[in-house]
Amino acid sequence: MDMEMTGTPWLDQPVMLHSSRADSCSKFTAAQCAYRTYYWRYWYQADHVFALPTIYLFVAIIGVCFIGFSSQRFAPASLREKTWWRKLVASIRFLAYRRYDVAAIRWHVPSLGVSFLLIIGAVFFLAMTLGPQPYYWPNTRTLSYGSSPPIATRSGWMALACMPFMAILPTKANMIASLTGVSHERLIVFHNWVGWAMFALALVHTFPFIVFHIWKGDMVTQWNTSGVYWTGVVAILAQAYLQFFSLRFIRDRFYEFFKATHYIAAIVFIVFFFIHCDFRLSSWDYFIATGVLYTLSFLYPQIRTYFEFGLSRRASFTMVSDLTLKVTIPIDTAWRPGQHMFLRFVHMGLHAFTAHPFTICSLPATRDGAGNSKLVFYVNPRGGLTGRLAQSAVKQPGFSVPVLLDGPYGGVQGRPLHTYDHNLIVACGAGAGLSLPFVMESLLRSAAQARAGNKKLTKVQVVIATRDMQLVHWYEEALLEYLEENNLEMVPENLGISIYQTGTQDSKRDSTSKDPERSQEKLSSDSQVTRRLPIKVFSGRPDMKTIVRDATLQPGHTVGIAACGPGSVLKIVQDEAAAAQLRIVNSNDGAREVYLHSEVFSW
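Enquirer: Quick one: what's the story with the nonpolar core, residue by residue and with numbers?
Expert: Within the largest apolar cluster, 63 residues are counted, with the highest numbers of intra-cluster contacts made by Leu436, Val462, Tyr475, Leu479, Ile497 and Val573. Per-element accounting of this core gives the leading share, eight residues, to helix 16 (residues 471-485). Ignoring any residue separated from it by four or fewer positions in sequence, one finds tyrosine 475 in contact with Ala432, Ser435, Leu436, Val439, Val462, Ile464, Ile497 and Ile535. Among the nonpolar cores identified, the runner-up in size contains 47 residues, and Phe50, Ala51, Leu187 and Ala235 belong to it.

Enquirer: So what's going on with the sheet that holds strand 8 (residues 400-410)? Residues and values would help.
Expert: Taken in spatial order, the six strands make up an open sheet running 6-5-8-3-4-7, and their pairing is antiparallel. In this open sheet, the two strands that pair with only one neighbour each are strand 6 (356-359) and strand 7 (374-379). Shown here is a sheet whose adjacent strand axes are inclined to one another by a mean of 40°, direction ignored. In the sheet, strand 3 (residues 314-321) pairs with strand 4 (residues 324-330) via five bridges, with the strands oriented antiparallel. Within the sheet, the bridge partner assigned to serine 316 lies in strand 4 and is threonine 328.

Enquirer: For a nonpolar patch on the surface, give the residues involved together with the corresponding values.
Expert: A cluster of nonpolar side chains, namely Tyr263, Tyr294, Phe298, Leu299, Ile303, Tyr306, Phe307 and Leu311, defines an oily patch on the protein surface of about 890 Å² accessible area. Of the residues forming the nonpolar patch, the biggest block, six residues, is contributed by helix 13 (residues 283-309). Mapped onto the elements, phenylalanine 307 comes out in helix 13.

Enquirer: Requested: an account of the packing of aromatic side chains, with residues and values cited.
Expert: Counting across every chain of the model gives 34 aromatic pairs. Ring centres 6.0 Å apart and planes at 85° place the aromatic pair phenylalanine 199 and phenylalanine 244 in the edge-to-face group. Taken together, the residues span a long stretch of sequence, with phenylalanine 199 in helix 8 (residues 184-216) and phenylalanine 244 in helix 10 (residues 227-245) at a distance of 45 residues. Given the relative accessible area of 7%, phenylalanine 199 is considered buried. Just above the ring of phenylalanine 342 sits the side chain of lysine 172; from NZ or CZ to the centre is 4.8 Å.

Enquirer: Requested: an account of the state of the cysteines, with residues and values cited.
Expert: Counted under the stated rule, the structure contains one disulfide. Bridging cysteine 25 to cysteine 33, the disulfide has an S-S length of 2.2 Å. Taking the torsion about the sulfur-sulfur bond, which here is approximately 80°, the covalent link between cysteine 25 and cysteine 33 counts as right-handed.

Enquirer: Hey, could you go over unusual backbone geometry for me, with residue numbers and the actual values?
Expert: Residue proline 134 is reached from glutamine 133 by a cis peptide bond, and omega for that bond is 0°. Within the secondary structure layout, proline 134 lies in the loop between helix 5 (112-130) and helix 6 (150-168). Between glycine 407 and the following residue, proline 408, the backbone shows a cis peptide bond with an omega angle of 0°. Note on placement: proline 408 falls in strand 8. Despite not being glycine, leucine 281 shows a phi value in the positive range, around 50°. Along the chain, the position of leucine 281 falls in the loop between helix 12 (255-277) and helix 13. The backbone of serine 587 sits at a positive phi, close to 60°, despite the residue not being glycine.

Cut-offs used in this document
- Residues numbered from 1 in each chain as written.
- Predicted model: local features only at pLDDT ≥ 70, side-chain atom pairs only at ≥ 80, totals over all residues.
- Heavy atoms only, no water.
- Core = buried A, V, L, I, M, F, W, Y, C linked by side-chain atoms within 4.5 Å.
- Buried < 20%, exposed > 50% of the residue type's maximum accessible area, 1.4 Å probe, protein only.
- Helix = DSSP H or I, 4+ residues; strand = E, 2+ residues; numbered from the N terminus.
- Contact = heavy atoms within 4.5 Å.
- Pairing = 2+ DSSP bridges.
- Axes fitted to C-alpha atoms, helices over the stretch in contact; angles between N-to-C directions.
- Patch = residues over 30% accessible without salt bridge, like charges linked within 9 Å, V, L, I, M, F, W, Y side chains within 5 Å.
- Areas by Shrake-Rupley, 256 points an atom, 1.4 Å probe, with all protein chains shown as cover.
- Salt bridge = Lys/Arg side-chain N within 4 Å of Asp/Glu carboxyl O.
- Phe/Tyr/Trp six-rings, centres within 6.5 Å; stacked < 30°, edge-to-face > 60°.
- Lys NZ or Arg CZ within 6 Å of the ring centre and 35° of its normal.
- Disulfide = S-S within 2.5 Å.

Structure below.
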């Protein structure tokens with residue numbers, strides 16, 4: 001059962017893809033042989049018994065999500081109008097939107113749907129680890145069933161089977177995102193939890209060996225002579241670093257350091273884990289699968305960057321207010337409202353090696369328009385890269401640097417937002433620019449429908465909360481420029497924009513504010529209305545709960561919501577969207593369908 005080390009202390013010789021499954025029970029009685037080769041504890045079939053079911057679990061979950069996503073996306077209008085279908089969709093959306101926070105320990109619990117999947121995984125791993133007996137072989141000084149404790153064997157194989165999924169879940173272009181319709185930034189939570197599951201299983205795999213060899217009295221000898229142990233220790237230390245530094249309170253504080261060392265630690269982990277497995281049974285198959293899947297996920301965006309966008313793009317920078325940096329990149333490509341791009345700014349020192357995500361705040365040019373397509377981003381400069389860019393833009397407005405593009409990613413999944421009767425766009429803080437492409441799309445479609453004589457228009461309600469006192473000016477300027485470029489002379493009556501200013505006139509770029517949108521609405525006595533666009537400006541904070549609830553209580557309407565902002569704002573929007581799903585399930589008064597697309601600042 002244990003392969004002897006010959007030649008090199010790292011790998012057994014000769015090196016093969018799979019070790020032999022040949023076994024003999026000649027040293028055991030018939031009863032002992034039957035006990036040793038029992039299905040749940042036979043070492044030579046452990047990869048089939050424990051690793052493959054782990055793969056099946058992940059594939060089954062992905063398959064269910066794929067069926068749900070495809071059914072909702074391609075369902076005909078006649079099916080979507082049926083009551084039972086609306087209630088089924090509302091039930092699933094309730095699980096996706098509703099989440100709870102544990103205030104006592106400041107823990108943001110994932111949504112009920114995510115929590116349900118995590119519970120399924122926990123039950124599976126606990127049952128497969130603790131269910132089969134025994135945990136240790138009943139060895140004696142004269143009889144040995146093997147030197148690999150059964151609990152260590154099964155936990156090790158399950159940990160190994162997690163690796164391909166853990167590796168591809170955080171990649172921007174991966175098969176799981178394509179099949180399930182869940183964008184890469186939302187899959188990060190599963191990458192993190194699968195990592196924790198793998199780490200816990202690795203610990204369960206490790207300590208029984210220590211207990212066994214201490215009982216046997218050869219722990220020091222094994223450490224000094226067998227490469228299996230020290231390679232395993234290096235791998236688990238690297239994995240521990242990855243997991244503990246991914247904890248939010250640590251990651252946020254040391255983000256730049258963690259980002260710089262994350263890949264180094266991951267490479268150390270993979271290399272030493274590969275050596276540790278030493279081609280036992282089918283162990284190296286999982287490394288091959290991991291390598292193939294990750295390489296494809298990694299190469300696709302790189303190839304797209306070089307062949308679709310090229311290497312000659314330049315990004316120009318202008319400070320449109322004290323708190324907002326405008327980034328503009330001329331381009332000829334297509335994207336949808338709510339999507340984001342990854343930008344890699346060349347000639348920016350160490351930042352040239354990392355790509356940064358930014359929400360797109362523009363729409364592609366139309367065939368009838370006078371202008372060319374350009375990616376526009378409105379960024380709130382803070383520290384690091386955006387702070388340096390803002391400082392340069394102040395000194396030299398309009399300066400430009402070479403940029404590499406990757407994307408677009410994310411956005412509204414399934415039906416476009418404009419197909420709903422009522423659109424509610426909630427954009428707070430640094431996410432204010434998210435609303436612009438939705439408003440632009442509304443202006444364009446309203447004009448087209450007016451020319452066609454269609455009087456039924458989607459109502460678009462935009463709510464923005466910002467401490468940038470100059471946002472009204474650059475926001476209005478962006479919309480007027482879009483109207484001019486697309487030869488649009490009328491502003492439809494179905495559009496309403498409310499901007500809540502939470503800052504003061506002396507707000508500076510380095511000023512701080514902790515989720516100002518969370519408070520109750522405080523309006524000034526006289527609202528200010530811009531002259532050219534339906535923009536109302538208020539002084540104070542919006543009552544986000546009431547705004548979302550009023551939108552979802554419209555009888556018989558379909559409501560599409562897009563929200564971007566701090567976690568506290570998204571929690572309010574998500575809770576109200578979840579409450580709307582319960583009203584649909586219970587056939588209570590209100591909208592007959594409510595969809596929510598949300599983006600959070602921190603991934």
